[in-house]
Amino acid sequence: MFFQLALRAGNEKEEGETADTVGCCSLRVEHIKLHPELDGQEHVVEFDFLGKDSIRYYNKVSVEKLVSAEEMEAAASVAILVQG
């Protein structure tokens, strides 16, 4: 999926770097929204974040449904608790 969406892995931040840029390995819950239906398509994942050189990446992609939105929200809540 990351090749299809043209996402990059990203690098470690240099000391003093303040931009909140991310790549596929550092995406957080706030960068992704799950929609059961959006714009006439089912099971849509919406990406919205700052990528390399602080360029906004925004994309919506329809995916095969593997888990419910409730299951994803529950998993995200657990991930947030674990990260502290």
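Structure: see above.
These notes cover the structure that comes with them. (Residues numbered from 1 in each chain as written. Predicted model: local features only at pLDDT ≥ 70, side-chain atom pairs only at ≥ 80, totals over all residues. Heavy atoms only, no water.)

On inspection of all chains with the given rule, the structure shows two aromatic pairs. The interplanar angle of 75° and the centroid separation of 6.5 Å between the aromatic rings of phenylalanine 47 and tyrosine 57 together place this pair among those described as edge-to-face. Taken together, the positions of phenylalanine 47 in strand 2 (residues 41–50) and tyrosine 57 in strand 3 (residues 56–62) put the pair 10 residues apart, joining distant regions of the chain. Comparing phenylalanine 47 with tyrosine 57, the two get one shared label, buried. Seen in terms of ring centroids, phenylalanine 49 and tyrosine 57 are 5.1 Å apart; in terms of plane orientation they differ by 25°. Their pairing is stacked. As far as the burial class goes, phenylalanine 49 and tyrosine 57 line up, both buried. Through a chain of ring-to-ring contacts, the aromatic side chains of Phe47, Phe49 and Tyr57 assemble into a single cluster. (Phe/Tyr/Trp six-rings, centres within 6.5 Å; stacked < 30°, edge-to-face > 60°. Helix = DSSP H or I, 4+ residues; strand = E, 2+ residues; numbered from the N terminus. Buried < 20%, exposed > 50% of the residue type's maximum accessible area, 1.4 Å probe, protein only.)

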